[in-house]
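Residue-level structure breakdown
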Amino acid sequence: MFRPYTSSANNLPSRGRYSPFLFDGITFSTGGYSAEYGQALSGVLLLNTIAEPDQTETNISLMSVGGGLGHTQKWQKSSLSLNTGYINLSPYLKLVPNNEQAKFKKPYQSFSSESVYRKHSKNGIFKWYTAYELTNLEVLQPDIDQPQPVNFSLKNENLYTNLSYKSALGNG
């Protein structure tokens, strides 16, 4: 996981890129590792994804800066989860003026979506995860090396896909 958080400018907060509801367990450990982890790592963050959701459900998220919609459809041996979210700081900054030193020329805006497909077979489980995110902002930020604020502009587009198959026999 090279970038666990959304893209942002210096000294501005960012949100997590991955939904915590995708994971059944998170384990962090340090020390020497076997060939499974390349024998060279000093730490491992093991993220165990949910094998199967409990039920079909729809979720709606409302925030002062945006919202989201998600739906999980569960069938007998498979499931599909779709989630989308939108964040726009512009209306919020009009209501609550920014007292920070950074001044937005174009407030932070983000659109994200993700999908997870799971299919069980007698030999194991196949999982397909894909996520897309578009981030856009422009801000004037102070710089100790410059007398005037530095204009920072970001338009970042990310697409991530992961396929996995875990055998019921323990190999894969």
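Everything discussed here concerns the structure shown above.
Definitions and cut-offs
The written sequence of each chain sets the order in which its residues are numbered from 1. Local features are withheld for residues below a pLDDT of 70 in this predicted model, meaning they are given only at 70 or higher, and side-chain atom pairs are given and counted only at 80 or more; totals for whole chains, interfaces and linings count all residues. Remark: hydrogens and water are excluded; side-chain values derive from all non-hydrogen atoms of the structure. A helix here means a DSSP run of H or I that spans at least four residues, while a strand means a run of E at least two residues long, and both kinds are numbered starting from the N terminus. Under the scheme applied here, a residue whose accessible area is under 20% of the maximum for its type counts as buried, over 50% as exposed, and between as partly exposed, the area being computed with a 1.4 Å probe on protein chains only. Residue contacts are defined here by distance: any two heavy atoms, one from each residue, within 4.5 Å place the two residues in contact. Any two strands are treated as partners once DSSP identifies two or more bridges connecting them. Axis lines are fitted to C-alpha atoms, over the contacting stretch for helices. Their N-to-C directions set the angle, which ranges from 0 to 180 degrees. Patches in this entry comprise residues that are over 30% relatively accessible and not in a salt bridge; like charges within 9 Å are linked, as are nonpolar side chains (Val, Leu, Ile, Met, Phe, Trp, Tyr) within 5 Å. Accessible areas in this description were obtained via Shrake-Rupley with a 1.4 Å probe; residue shielding takes into account the shown protein chains only. The term salt bridge refers to a side-chain nitrogen of Lys or Arg lying within 4 Å of a carboxyl oxygen of Asp or Glu. Nitrogen and oxygen atoms within 3.5 Å of one another constitute a polar contact, given that in protein one can donate a hydrogen and the other can accept it, and given that sequence-neighbouring residues count only through two side-chain atoms.

1. With respect to the overall build of the protein chain
Of regular secondary structure, the protein chain possesses 1 helix and 8 strands. For the protein chain, the α and β elements follow one another from N to C terminus as β-β-β-β-β-α-β-β-β. Scored against the burial criterion, the 172 residues of the protein chain give a buried share of 24%. Long-range contacts, defined here as pairs at least 24 residues apart, represent 50% of the contacts in the protein chain between residues at least 6 apart.

2. Observations regarding the environment of N83
With respect to the helices and strands, the residue N83 is situated in strand 5 (residues 78-88). Taking relative accessible area as the criterion, N83 reaches 27% and is therefore assigned partly exposed. Note: C-alpha distance between N83 and G70 (13 residues apart in sequence) is 4.1 Å. Discounting residues that sit within four places of it in the chain, N83 has contacts with L69, G70, H71, S112, S113 and E114.

3. Observations concerning the pairing of strand 4 (residues 66-74)
Looking along a regular strand, one sees side chains alternate from face to face of the sheet. Bridge count between strand 3 (residues 57-63) and strand 4: 7 bridges; the pairing is antiparallel. Note that in strand 4 the partner of I60 across the bridge is L69. Count of turn residues in the strand 3/strand 4 antiparallel hairpin: 2 residues. In terms of strand pairing, strand 4 meets strand 5 through 9 bridges, oriented antiparallel. Pairing of G66 across the sheet is with I87, part of strand 5. Hairpin connection between strand 4 and strand 5: a loop of 3 residues separates the two successive antiparallel strands.

4. Considering the sheet that holds strand 8 (residues 150-167)
The strand order across the open sheet built from 6 strands is 3-4-5-6-7-8, with neighbouring strands paired in antiparallel fashion. Looking at strand neighbours, the two that pair on one side only are strand 3 and strand 8, the edges of this open sheet. Here the strands of the sheet are splayed against their neighbours by 5° on average, with no regard to which way each runs.

5. Looking at a nonpolar patch on the surface
A cluster of nonpolar residues, F126, W128, L163 and Y165, forms a patch on the protein surface that exposes about 380 Å² of accessible area. Here L163 lies in strand 8.

6. Some details on the side chain of T72
Within the secondary structure layout, T72 lies in strand 4. Look at T72 and you get buried, because its relative accessible area is 11%. Of note is the side chain of T72, whose polar atom sits 3.0 Å from the side chain of S81. Leave out the neighbours within four places in its chain, and T72 touches P53, Q55, T56, E57, L80 and S81.

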